[in-house]
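Listed here are the chains, written in short residue letters.
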Amino acid sequence: MLDLEKYIRVVPDFPKKGISYKDISPLLMHPEAVEFCVDEFVKNLPTMQIDKVVGVESRGFFFAMLLAQKLKAGFVPVRKKGKLPYKVLQEAYDLEYGNDWLEIHQDAILPNENVLVHDDVLATGGTARAACNLVKRLEGEIVQCNFLLEIKALNGIEQIKQYPTQVLLSY
Ligand SMILES: Nc1ncnc2c1ncn2[C@@H]1O[C@H](COP(=O)(O)O)[C@@H](O)[C@H]1O
Ligand SMILES: O=P(O)(O)OP(=O)(O)O
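Residues numbered from 1 in each chain as written. Chains lettered and ligands numbered in written order. Predicted model: local features only at pLDDT ≥ 70, side-chain atom pairs only at ≥ 80, totals over all residues. Heavy atoms only, no water.

Caption draft 1: Up close: unusual backbone geometry. Here the amide bond leading from F14 into P15 is cis, since omega sits at -5°, within 30 degrees of zero. Tracing the backbone through its elements, the reader meets P15 in the loop between β1 (9-12) and β2 (20-23). E57 connects to S58 through a cis peptide bond whose omega is -15°. On the secondary structure map, S58 appears in the loop between β3 (52-56) and α3 (59-71). Despite not being glycine, N112 has its phi angle at roughly 70°, a positive value. Since its relative accessible area comes to 58%, N112 is described here as exposed. (Helix = DSSP H or I, 4+ residues; strand = E, 2+ residues; numbered from the N terminus. Buried < 20%, exposed > 50% of the residue type's maximum accessible area, 1.4 Å probe, protein only.)

In structure tokens, the structure reads:
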């Protein structure tokens, strides 16, 4: 067992006053910690074949890509407005320190595909909910939403309560 908290840098008042920012950069610099996280995520997934792993821009991309590779699934980027070049679906969302639009390519997920949704941090849950809405609009089946860490006091889990979730570390 690894003490994951040791690899998370907590930065007060970033990007705005009052936000306690959970920086995963130190974790990414330690391959043993990265490997531990991937193995933990995989251990606690449902047993069915996962077809697509969705990663939310940008810090969600790191582990989503590793998980997709490990699970022999396709990787699907969910990006902020205006970054994806082909036809997209859009969802507006609020996050802990702002608001924006998320987009997914219209052909990224086929109806009934089993989809894992990943992001680094679950805070208010607005981002995760928007990413899940995009998957559902493409008729994907969300088999799990997983996060490296959650900020429990913000109760983001409530926003995605209809889906199974997995979190490696709680603050
Ligand atoms: N406190 C935070 N530290 C690091 N990253 C954060 C933090 N709060 C939000 N984020 C990023 O925003 C979304 C999750 O925000 P929601 O409020 O749950 O929508 C996630 O992509 C984090 O990277
Ligand atoms: O730093 P990012 O790109 O992961 O975005 P956000 O802070 O909007 O989650």
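More follows now that the structure is in view.
Caption draft 2: The site of ligand 2, seen in detail. Surveying the vicinity of ligand 2 reveals the residues E57, S58, R59, K80, L95 and Y97. Side-chain polar atom of K80 to an oxygen atom of ligand 2: 2.6 Å apart, as the coordinates give it. Alone, ligand 2 offers 280 Å² of accessible surface; in the complex the protein occludes 74% of this. Taken together, the residues of the shell around ligand 2 break down into two nonpolar, one polar and three charged. (Near = heavy atom within 4 Å. Polar contact = N/O pair within 3.5 Å; in protein donor to acceptor, adjacent residues only side chain to side chain. Areas by Shrake-Rupley, 256 points an atom, 1.4 Å probe, with all protein chains shown as cover. Nonpolar A, V, L, I, M, F, W, Y, C, P; charged D, E, K, R; others polar.)

Caption draft 3: Structural detail: the sheet that holds strand β5 (residues 88-95). Read from one edge of the open sheet, seven strands run β5-β6-β4-β3-β7-β8-β9, paired in mixed fashion. Strands at the two margins of the open sheet, each flanked by one partner only, are β5 and β9 (165-170). Strand-to-strand, the axes of this sheet are offset by a mean angle of 20°, without reference to chain direction. Sheet topology places β3 next to strand β7 (residues 114-122); four bridges connect them, and they run parallel. Note on β7: the bridge partner recorded for G55 is H118. Packed on one face of the sheet, α3 meets β3, β4 (74-80), β7 and β8 (141-150) and runs near 170° to β3. (Pairing = 2+ DSSP bridges. Axes fitted to C-alpha atoms, helices over the stretch in contact; angles between N-to-C directions. Contact = heavy atoms within 4.5 Å.)

Caption draft 4: Focus on the packing of helix α2 (residues 31-43) against α3. In the contact formed by α2 and α3, the axes pass within 10 Å of each other and the chain directions differ by 60°. In this view, α2 runs oblique relative to α3, as classed from their interaxial angle. Between α2 and α3 lies a crossing whose hand is right-handed. Contacts between α2 and α3 pair V34, C37, V38, D39, F41 and V42 from the former with F63, L66, L67, K70 and L71 from the latter. Looking at the contact of α2 with α3 residue by residue, the classes come out as nine nonpolar, no polar and two charged. (Parallel < 35°, antiparallel > 145°, perpendicular 65-115°, else oblique. Left-handed = near helix turned anticlockwise from the far one by under 90°.)

Caption draft 5: Spotlight on the site of ligand 1. Ligand 1 sits among 19 residues. The nearest are E96, D119, T124, G125 and T127. With respect to ligand 1, the backbone of S20 contributes an N or O atom lying 3.0 Å from a nitrogen atom. In this structure, T127 approaches ligand 1 through a side-chain N or O atom, which is 2.5 Å from an oxygen atom. Contact with the protein chains covers 97% of the free accessible surface of ligand 1, which is 480 Å². If you list the elements that add at least two residues to the shell around ligand 1, you get β2, β5, β7 and α4 (126-137). When residues in the shell around ligand 1 are grouped by element, the largest group, four residues, is from β7. Grouping the amino acids of the shell around ligand 1 by side-chain chemistry returns eight nonpolar, five polar and six charged.

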